[in-house]
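Close look at the chain arrangement
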Amino acid sequence: MSALTGIAPATPRTARPGPALGAGARVLVRQHRWALWSAGVLALVWIAVVVGFTLWAGHVNDAFEASPCTSRVTDRACDDRWQEFDLALSVRQTVLGYAGLGLTVLPGLVAAFVAGPMIGREFESGTYKLSWTQSVSPSHWLLARLAGPAALLVAGVSVLSAVFAWARAQSEGLYPVSRFDNAAFGALGTAPVAYALLGLALGALAGLLTRRTVPAMAVALLATAAAAVALNRVRSGLWPLTTRTSTGSVPPQTPDDAWLVETGRVTGDGARLPVDTCWDAGAKAGRCLADRGVTGYYVDYHPASHFWPLQLTETALLLVLAAAATALAFRVLRRYHA
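Residues numbered from 1 in each chain as written. Predicted model: local features only at pLDDT ≥ 70, side-chain atom pairs only at ≥ 80, totals over all residues. Heavy atoms only, no water.

What follows covers the overall build of the protein. The helix and strand inventory of the protein stands at 10 helices and 4 strands. Secondary structure elements in the protein, listed N-terminal to C-terminal, are α-α-α-α-α-α-α-α-β-β-β-α-β-α. Within the protein, buried positions represent 38% of all 338 residues. Taking the contacts inside the protein whose residues are at least 6 apart along the sequence as the reference set, 80% of them involve residues at least 24 apart. (Helix = DSSP H or I, 4+ residues; strand = E, 2+ residues; numbered from the N terminus. Buried < 20%, exposed > 50% of the residue type's maximum accessible area, 1.4 Å probe, protein only. Contact = heavy atoms within 4.5 Å.)

This is the structure:
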C-alpha cells in the first residue's frame, strides 16, 4: 500500500461540450447516404446528357460547314445534310433549355429535402432527442446539418454550372441560348450556388417552424419558388438599363445578344407611350401619332456587358436572404429550447 501513496489521483474526465463538427457531418452523411448517392447519379446523368448532345451537335455542325451545302440548295444529299444539321442544333437548344431549368429548380428540391427528411422528420420521430442527450447542443446539431450540405452544394452546383456554361458557349451562332433567359441566367455564373444556399437556409427554417415532414417540404418548396419568382420579376431593375431612341417609324437597333426589356413610343418632349399607341386607328394612325406628339421609338435593354453586374447583384441579394433565413432558424431553435 505504501508504494501507491506517491501516485496522484486520476483526474476525472469531463464531458466534451459536443462532438466535432466533422463528426456530426459524417453522421448526417451516413443517415442520408442513399439520397446522396441518388443525387450524385442524377448529376452524372445530367452532365452526360448535356456533354453528349453538345458534342454531337458540334460534330454535325462541323461536318455541315465543311461540306459545300447551304440552306438554299435543292440537291437531295444537301437537303438531308441540312435537315440533320437543323435537327442537331434544335435538339441541342432544347436540351440546354431543360438542363438550365433543372439547375433552376434544384434549390427548391434542396429546400424540400432539408426541411422534410433532414430536419422535419427528426422532430416528427423524436430522434433529435438522442443527439441532444449526448452532449450535443441544439445549435451544434443544426450547424452540422447545414455545414455539410452547404459544402456539397457549393462544390456540386459549381461543377454543374461550369458544364452548362461550357455547353452554352458551344451554341453561339445559330440557335443560340441567350444568357439572359430565365433558365440560363439561373444556371450561369454565381447565381446557382447562391440560390442553392438560399434553398438550404429556407429548408432549415421551414423544418424548424413546422416540425412535420410533409408540411415542412411544402412550405420550403413554396418559399424558395416565391423568392425565385420575385427576383425574376425585379431582375431587369437590378442594374441601370441602356436606352436607345429613334425617330420615324423604325425602332432603334440593338445588339443581337442584348436583353430587350421594354419598347415603346416616345414624344418630342421625351414622354413615353405604349408601343401599340394608335394601332387601332387604321388609316388615320399617322394623324393619331402626330396629335399625340409621337416622334419615334425607345428601347430599354441590357447589353451583354451587363450580365456580370446583374449576376453579382442578384447573388448578393440571395446571400443576404440566405444569411437572414439561417440566423432566423438558429433564433427559432434557441427560442424553443432556451
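On we go.
On to the side chain of Thr224, then. Note on placement: Thr224 falls in helix 8 (residues 213-234). Only 2.8 Å separates the side chain of Thr224 from the backbone oxygen of Ala220, close enough to count as a polar contact. When sequence neighbours within four positions are dropped, the list of residues in contact with Thr224 reads Pro107, Gly108, Ala111, Gly199 and Leu202. (Polar contact = N/O pair within 3.5 Å; in protein donor to acceptor, adjacent residues only side chain to side chain.)

The subject of this paragraph is the nonpolar core. Counting residues in hydrophobic clusters, the biggest one holds 34 residues, and the most contacted among them are Val114, Ile119, Leu142, Leu200 and Leu208. Elements represented by at least two residues in this core include exactly helix 3 (76-125), helix 5 (138-170), helix 7 (191-210), helix 8 and helix 10 (307-336). When residues of this core are assigned to their parent elements, the largest contribution, 13 residues, is made by helix 7. Leu103, Leu160, Phe185 and Leu188 belong to the second-largest nonpolar core, a separate cluster that totals 19 residues. (Core = buried A, V, L, I, M, F, W, Y, C linked by side-chain atoms within 4.5 Å.)

Here the focus is the packing of aromatic side chains. Within the structure shown, the criterion is met by 9 aromatic pairs. Ring plane angle 80° and centroid distance 6.1 Å describe the contact between Phe53 and Trp56, whose orientation is recorded as edge-to-face. Of this pair, Phe53 and Trp56 are both found in helix 2 (residues 33-66), 3 residues apart, which corresponds to roughly one turn of the helix. Ring geometry for Phe180 against Trp259: centres 5.6 Å apart, planes inclined by 25°, an arrangement best described as stacked. A residue pair is termed long-range when its members are at least 10 positions apart, and Phe180 in the loop between helix 5 and helix 6 (182-185) and Trp259 in strand 2 (residues 259-267) qualify at 79 residues. The pair formed by Phe180 and Trp259 is uniform in burial state, with each residue classed as buried. Feature note: the residues Phe180, Phe185, Trp259, Phe307 and Trp308 constitute an aromatic cluster, connected by ring pairs. (Phe/Tyr/Trp six-rings, centres within 6.5 Å; stacked < 30°, edge-to-face > 60°.)

Here we take up helix 3. Taking 1.5 Å per residue, 50 residues should reach 74 Å; helix 3 reaches 68 Å between its end C-alpha atoms and fits that length. Phi for Gly126, located one or two positions after helix 3, is positive at around 80°. (Expected span 1.5 Å × (residues − 1).)

On to helix 2. At 3.6 residues per turn, the α-helix brings residues three or four places apart onto the same side. The terminal C-alpha atoms of helix 2 lie 49 Å apart, and with 34 residues this matches the ideal 50 Å at 1.5 Å per residue to within 8%. Regarding helix 2, the residues found buried are Trp46, Val50, Thr54, Ala57, Val60, Asn61 and Phe64.

The next point concerns the pattern of salt bridges. Any two side chains of opposite charge can pair, so long as their charged atoms come close to each other. Under the counting rule described, the total for this entry stands at 4 salt bridges. In this structure, Arg145 engages Glu122 in a salt bridge whose closest nitrogen and oxygen atoms are separated by 3.2 Å. With Arg145 in helix 5 and Glu122 in helix 3, the pair connects residues that are 23 residues apart, well separated along the chain. Put simply, Arg287 and Asp291 hold a salt bridge, and the shortest N to O gap is 3.2 Å. On the criterion of helical spacing, the pair formed by Arg287 and Asp291 is a turn pair, its members being 4 residues apart in helix 9 (residues 285-291). With respect to class, Arg287 is no different from Asp291; both count as exposed. (Salt bridge = Lys/Arg side-chain N within 4 Å of Asp/Glu carboxyl O.)

Burial runs high along strand 4 (residues 294-302): 8 of the 9 residues are buried. Judged from the 6 bridges that link them, strand 1 (residues 242-247) and strand 4 form a sheet pairing that is antiparallel. Within strand 4, the position partnered with Thr245 by the bridge is Tyr298. Here strand 2 runs beside strand 4; their pairing, made up of 8 bridges, is antiparallel. The partner of Trp259 across the bridge, within strand 4, is His302. (Pairing = 2+ DSSP bridges.)

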